[in-house]
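The primary structure of each chain is shown beneath.
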Amino acid sequence: MILSCPRPSSRLPAAVLSVLLTAAALPSQAQDTPMRLDTRHMTLCLSRVADGFRHPWGLAQLPDGALLVGERGGRLTRIAADGSRLSIAGLPEVAARGQGGLLDLALHPRFGEDESGEHDWLYFTWSRPVADGAATALSRARLEGGRLIGIEHLFTQNRATDAGRHFGSRLAWRPDGTLLMSVGERGSPERAQDGGDHAGSILRLTETGGVPADNPFVGDPEVRDEIFSLGHRNPQGLIVADDGTAWSTEHGPRTGDELNRLVPGANYGWPEVSRGRDYVTFLPIGRDSAPGMRDPVHVFDGRFAPSGLTRVTSPAFAPWQGDLLAGGLRGEALLRLRLEGDTVIEREKVLDGEVGRLRTVDQGHDGTLYILNDAAEAGLWRLTPAVAGQAGASACPE
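Conventions used here
Residues numbered from 1 in each chain as written. Predicted model: local features only at pLDDT ≥ 70, side-chain atom pairs only at ≥ 80, totals over all residues. Heavy atoms only, no water. Disulfide = S-S within 2.5 Å. Helix = DSSP H or I, 4+ residues; strand = E, 2+ residues; numbered from the N terminus. Pairing = 2+ DSSP bridges. Patch = residues over 30% accessible without salt bridge, like charges linked within 9 Å, V, L, I, M, F, W, Y side chains within 5 Å. Areas by Shrake-Rupley, 256 points an atom, 1.4 Å probe, with all protein chains shown as cover. Salt bridge = Lys/Arg side-chain N within 4 Å of Asp/Glu carboxyl O. Lys, Arg positive; Asp, Glu negative; His and termini not counted. Charge placed at Lys NZ, Arg CZ, Asp CG, Glu CD. Axes fitted to C-alpha atoms, helices over the stretch in contact; angles between N-to-C directions. pLDDT = per-residue confidence, 0-100. Contact = heavy atoms within 4.5 Å. Buried < 20%, exposed > 50% of the residue type's maximum accessible area, 1.4 Å probe, protein only.

1. Some thoughts on the state of the cysteines
So, step 1. Within this structure, the stated rule accounts for 1 disulfide.
So, step 2. Covalently, C45 is tied to C396 through a disulfide, its sulfur atoms 2.0 Å apart. Negative torsions about the S-S bond denote left-handed disulfides, and the value of about -100° found for C45 with C396 makes this one left-handed. Placement of the pair is C45 in strand β2 (residues 43–53) and C396 in the segment after β27 (394–395), with a sequence separation of 351 residues.

In structure tokens:
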């Protein structure tokens, strides 16, 4: 809800002010008057900082604060701190059909660490055109000026299809340097229970696309070595906490959208277990629970359609430390979830239609929360805490 009345707020610490000053230097050519949002624990400012994107999907922040925005149609743009834009050439041709195209972006966790540039890789998932249709794939490249160079294709799912849906696909680094990657079941539910098929799974790969020796199904002839967990429908939210705990959000059919804690070797049940319903008959699909299959931590209300997930660690959002923020496409909402173990103990709707369909929500290394909405004319948004004024009232900058 957007409020116009000020609310008392305590003075922000120096660390938070530093974060806000950094955020203020980010792109502003599409700056609107910030919306003031009142939430349960703090007052926020929502600002649109860049626009003109067509169905943006992936987002990554470079060490210098510039932002990379990928669009599903296959365009990649670098937005500098002064608001200038640079179109990045050199991407492979993506199968931009249906839900496919250029998908997630992620920097190597040691990107920019030293002058040699050894780890300066941009990873991206995409729908790769192949003989049988399109396949969810992972590649990496180096960013040199306005071009990607040295592209390396690291992984392509083993069974392609001409279906234009349920590609996944998110990326998240684990503390051990391995990479999690989600792959949807491509619109064929039975594939999620086929261990010989990458579809409907979370994969765990090395930084070069190989198989870690301790993957849970290594040595099992019935399950692909790359698979970390299976029985997923279409996971479009994926994060790893500092302690290595991994979380995903995934689309159910008509209702039944899930938040899952990812456990190595676990089966999450789709389509044998689901809280969702058939699109035509509206009858339940599968059972609510079954032996040997892991239940979701949380089932979202209604038709939320989750996409984008982040965990709050920024000192600027101290009251939300450790909470998860999940974006919703159909729900057009940003939900804050507080967990205690595997139980959601607090749930709050932070955004409710202010920016439309939420595709991506991410916390930048500058401590700012960034959002990409999904539309033919979409934008990049940021959330920052309101600043305490001289009279103690919270305010957003004009």
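2. Things to note about the sheet that holds strand β18 (residues 298–299)
So, step 1. The strand order β15-β16-β17-β18 describes an open sheet built from 4 strands, whose pairing is antiparallel. In this open sheet, the two edge strands, each paired with only one partner strand, are β15 (235–240) and β18.
So, step 2. As judged from the 5 bridges shared by β15 and strand β16 (residues 246–250), these two strands associate in the antiparallel manner. Each residue of the ladder has a partner; that of L238, found in β16, is S248.

3. Remarks on a negative patch on the surface
So, step 1. Together, D114, E115, E118 and E207 line one region of the surface with negative charge.
So, step 2. Residue position: D114 is located in the loop between β7 (102–107) and β8 (122–130).

4. Details of the sheet that holds strand β14 (residues 227–230)
So, step 1. Spatially, the 4 strands line up as an open sheet ordered β11-β12-β13-β14, and their pairing is antiparallel. Two strands lie at the open edges of the sheet, namely β11 (171–173) and β14, each paired on one side alone. The mean inter-strand angle of the sheet, taken between neighbouring strand axes irrespective of direction, is 20°.
So, step 2. Examined bridge by bridge, strand β13 (residues 201–205) and β14 share 3 bridges and lie antiparallel to one another. Note that in β14 the partner of I202 across the bridge is S229.

5. Structural notes on the confidence of the model for the protein chain
So, step 1. Looking at the protein chain, the pLDDT average stands at 91 and 90% of residues meet or exceed 70.
So, step 2. This model gives residues 1–29 a pLDDT under 50, and the stretch forms 71 contacts once residues within four places in sequence are excluded.

6. A few points about the pattern of salt bridges
So, step 1. Under the definition given, this model contains 22 salt bridges.
So, step 2. Note that R347 is salt-bridged to D301, the shortest N-O span being 3.7 Å. Highlighted residues: R347 in strand β22 (residues 343–352) and D301 in the loop between β18 and β19 (306–311), separated in sequence by 46 residues.
So, step 3. A relative accessible area of 55% places D301 in the exposed class.
So, step 4. Between R336 and E348 there is a salt bridge; the shortest N-O distance is 2.8 Å. Of this pair, R336 sits in strand β21 (residues 333–340) while E348 sits in strand β22, and the two are 12 residues apart along the sequence.

7. Topic: the pairing of strand β20 (residues 324–328)
So, step 1. Where burial is concerned, most of β20 is hidden: 5 out of the 5 residues are buried.
So, step 2. Side chains of β20 alternate between two faces, with L324, A326 and G328 and L325 and G327 buried alike.
So, step 3. The pairing of β19 with β20 spans 4 bridges and is classified as antiparallel. Along β20, the bridge assignment pairs R311 with L324.
So, step 4. Relative to β21, β20 runs antiparallel, the two being bridged by 4 bridges. What sits directly across from L325, in β21, is R336.
So, step 5. Between the end of β20 and the start of β21, which pair antiparallel, lie 4 residues, with E332 showing a positive phi angle near 50°.

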